[in-house]
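# Secondary and tertiary structure notes
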Amino acid sequence: MKDPKDNVDLFRHFYEIAPLGYQSLDKNGCFIHVNQTWLNTLGYGYEEVIGRWFGDFLVPDYVDHFKKSFPRFKAAGEMHNAELHMVRKDGSHIIVSIDGRIAYDENGAFIQTHCILQDITDRKKTEKKLESAAEEWRKTFDAIEEMVSIIDKDYKILRVNNFFAETFNVHPKELIGKTCYEVVHGTKEPWPDCPHRKTIENKIKCTEEFFESNLGKYLEVSTSPVFNEENEFAGSVHIAKDITERKKVEKEIREARDFLESVLENSGDIIIFNDVEGKILYSNPAIERIYGVSRQEIIGSHVSMLSNTGEEFREKSREKMEELFEKGFISFEANHKTRNGRTIDVEGTLSMIKDDKENYTGGVAIIRDVTERKKMKEQLNQAQKMEAIGTMARGIAHDFNNILAIISGNAEMAFKKIPEANPARLSLEQISDACNRAQDLTRQILFFSSDTKNEKKPLHLKTLINETIKLLRSAIPSTIEIRHDLECESDTIIGDVTQINQVIMNLCTNAYQAMEASGGILEINLKNAGHGEDETSQCHDMKPGRYIKLSIGDTGEGIEAENIDRIFDPFFTTKDRDKGTGLGLSVVHGIVKQHGGDIKVESQRGRGSTFQILLPVAEEETKAEESAETTENIPSGKGNILVVDDEQVVAEMLKQMLEHAGYTVVVHTNSIEALETFRRQPDRFDLVITDQTMPAMTGEMLSKELLKIRKDIPIIISTGYSSHLTGEKIKEIGVKGLVMKPYKWRSIAQTVKDVLSRG
């Protein structure tokens, strides 16, 4: 509550700076008090006035008038519009208008006068000049672009300006003598809220706003009283201002206010206003949805009630408040608990609200629940890490696979040429095995790239896991027990058998390595699960449907809590250098994601780890296909083939493979030169095999140019990685086949034979 003294000081301030002069006289007509405006009007200092007789400040001709009128004033108790001529300190004369009342004590005895003094010198001069400047006044009157009229006390129009007459499309003289309500409203009696009526009754200025249907406009009508020389009410000056546009703006502002209120009420973010002490004055309904508390409940509470994090929060709040007062605006992130005990991540802003004197009067806070967004961001960060490795992989895959193609291709051809009894065949087999392992390593790295596509077929997880268990049993120590439960309704998925096998082997290998020193239990389980159940509800980016859950757990030493979020990062490992590079789990993560699934881990230090993988079940139970390498002879054929590859050794090796299969081969290591050769003799070749990644012109670009020359030429594109080339993509281009490097002799020969047979 404000101190009453503050109000007294405030009123005194207003009194001193009021636009009208104030004076108080005693019963003898001597000054008791004047305000600053009075002093400014007359040019005197306060000490020069107080105690002196009022007549000392009058023009001599008005002294007698004051002597006669002052007793009448005291007798009547009030005075209105008394005009006197006064002398300013500089000797100049002014005309003043004085209104006053007498203050009496409880016994009716005179105490003092209370008078308002107004300098009307200019007004009086104007009135005098009006008599000699009637024409100028008329021009001014008619120049006003508002409806101005002078109306007598009987509502009759005495004069109107041109704008008034034009509004009603008549000559001004036609309106003289008519009543204002007849002209404006078209009625036979005054309008109940007519401002002129109120001016007649109260002799004061009156203003009203209303919609005038005759004009189709909103009007602001002001009437000011007019008095005759005997100070008798004679009528009023009636000014009607068209405020239609203003009302339109006011409506727009009102609608904008309603819109802002609607925004506040319907915002998904919490919006809170608080006072200088941090007490909540307003909150929108979002508080109920996010925190589980009603906004009526928190009104009047301190903003800190939104957090249950104790002293740590209060300490941070103090730091933030210092920043707020320094900058006027802060942003923050925090962990808050809801009414039901759930912890949520929030971020928000807090802005200061100041008055026109820059005093802090409160604040507005906007708080957003970012719990789900943070989870999505974590997933995005993981995906970006994988993408970074994929970018690197695409950069090295082409050159690396060319090298592998040279080694494996020549080893394969040499193996075919050497008799079975030759010991060198064993060395060649080991070279081929090493190339295969290197090729698998390249494929692992390429799994990080979202562009990599693999051939997926129906396969049974039970069968694959059983084969893996047999393999593991012979490889891991007997101190480790293998337990498994593979009973589930459906175990068929659509996947790449090599990749899924790699996932199972990698996780099982990690599990037994965690128990290698002390032994333990390796447990493998399969069960069906539907997305949306508790165990799958955290997998935000998975489509609804049926899933199969593969769990691989161990009773080993477990994973440190600070490493849980990093185990799928590329190159992160806690193993010794000779036991891991940190790519294994990253590859597993990439494979699972490519198969439309998700992987998570639960681990506790000293109590082991369990990896849980969710993979979508095949929509239809389809018989899983078995694939096996055959050792048949290399398929042979006839025809002229154009081979294009910027690596000379790779091109020559491919030439040897195809020539051994019975084909005639022309080699080019420059795609532009190859195009010119084909342009000169387009009918010479039965097939073109081109590398994809080449300088000047890629295999895709070369293929398009070749097909422009001869639209029926069969083309096969080879690449070290699939990139954006898919089966659908090459069909759009018109290419007949796609082969992956490094080349397998039988595979390339079979592809060539198949393409040529299709024509």
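The following paragraphs examine the structure supplied in this document. (Residues numbered from 1 in each chain as written. Predicted model: local features only at pLDDT ≥ 70, side-chain atom pairs only at ≥ 80, totals over all residues. Heavy atoms only, no water.)

In terms of regular secondary structure, the protein is built from 24 helices and 27 strands. Expressed as a percentage of the 759 residues in the protein, the buried residues total 40%. A total accessible area of about 42,700 Å² is found for the protein, and carbon and sulfur atoms account for 50% of it. (Helix = DSSP H or I, 4+ residues; strand = E, 2+ residues; numbered from the N terminus. Buried < 20%, exposed > 50% of the residue type's maximum accessible area, 1.4 Å probe, protein only. Areas by Shrake-Rupley, 256 points an atom, 1.4 Å probe, with all protein chains shown as cover.)

Here we have five strands laid out as an open sheet, ordered E7-E6-E10-E9-E8, and antiparallel in their pairing. Each edge of the open sheet carries a strand with a single partner, namely strand E7 (157–160) and strand E8 (206–212). Pairwise comparison of adjacent strand axes, ignoring direction, gives a mean angle of 25° for this sheet. Here helix H10 (residues 195–202) sits on the sheet in contact with strand E6 (147–152), E8, strand E9 (217–227) and strand E10 (233–242), set at roughly 25° to E9. Most of the contacts of helix H11 (residues 244–266) go to E9, to which it runs at about 125°, and overall it touches E8, E9 and E10. (Pairing = 2+ DSSP bridges. Axes fitted to C-alpha atoms, helices over the stretch in contact; angles between N-to-C directions. Contact = heavy atoms within 4.5 Å.)

Before going further, it helps to spend a moment on the sheet that holds strand E11 (residues 270–275). Read across the open sheet, the five strands follow the order E12-E11-E15-E14-E13; overall the sheet is antiparallel. The sheet is open, and its two edges are formed by strand E12 (280–283) and strand E13 (329–337), each paired on a single side. Neighbour-to-neighbour, the strand axes of the sheet open up by a mean angle of 25°, direction not taken into account.

Glancing now at the nonpolar core. Counting residues in each nonpolar core, the largest one holds 40 residues, and the members touching the most others are Leu461, Ile465, Leu522 and Phe611. Those elements that place two or more of their residues in this core are helix H17 (461–473), strand E17 (480–485), helix H18 (497–514), strand E19 (520–530), strand E20 (546–554), helix H19 (584–594), strand E21 (598–603) and strand E22 (609–616). Considering every element that reaches this core, the biggest residue donor is H18, with seven residues. Trp38, Leu42, Tyr44 and Met86 belong to the second largest nonpolar core, which has 25 residues in total. (Core = buried A, V, L, I, M, F, W, Y, C linked by side-chain atoms within 4.5 Å.)

Another aspect to go through is the side chain of Thr121. Within the secondary structure, Thr121 sits in helix H5 (residues 121–132). For Thr121, a relative accessible area of 7% gives the class buried. Of note is the side chain of Thr121, whose polar atom sits 2.6 Å from the backbone nitrogen of Ile95. Not counting residues within four places of it along the chain, the set of residues in contact with Thr121 comprises His93, Ile94 and Ile95. (Polar contact = N/O pair within 3.5 Å; in protein donor to acceptor, adjacent residues only side chain to side chain.)

With that settled, consider the pattern of salt bridges. In total, this model carries 25 salt bridges according to the counting rule given. Measuring nitrogen to oxygen at the nearest pair gives 3.3 Å for the salt bridge that ties Arg246 to Glu250. With Arg246 and Glu250 both in helix H11 and four residues apart, the pair spans about one turn of that helix. Arg246 sits in the partly exposed class, given a relative accessible area of 31%. Glu659 is the salt-bridge partner of Lys655, the closest N and O atoms lying 3.9 Å from each other. Of the two residues, Lys655 and Glu659 are both situated in helix H20 (residues 648–660); the distance of four residues between them amounts to about one turn of the helix. Residue Lys655 is classed as partly exposed on the basis of its relative accessible area of 22%. Through salt bridges with shared partners, one network takes in Glu209, Glu220, Arg246, Lys247 and Glu250. (Salt bridge = Lys/Arg side-chain N within 4 Å of Asp/Glu carboxyl O.)

Within the secondary structure, His668 is located in strand E24 (residues 664–668). Given a relative accessible area of 16%, His668 falls into the buried group. Once residues within four sequence positions are removed from consideration, His668 is found in contact with Leu642, Val643, Val644, Asp645, Glu673, Ala674 and Thr677.

The quantities given are spatial measurements derived from coordinates; they are silent on function.
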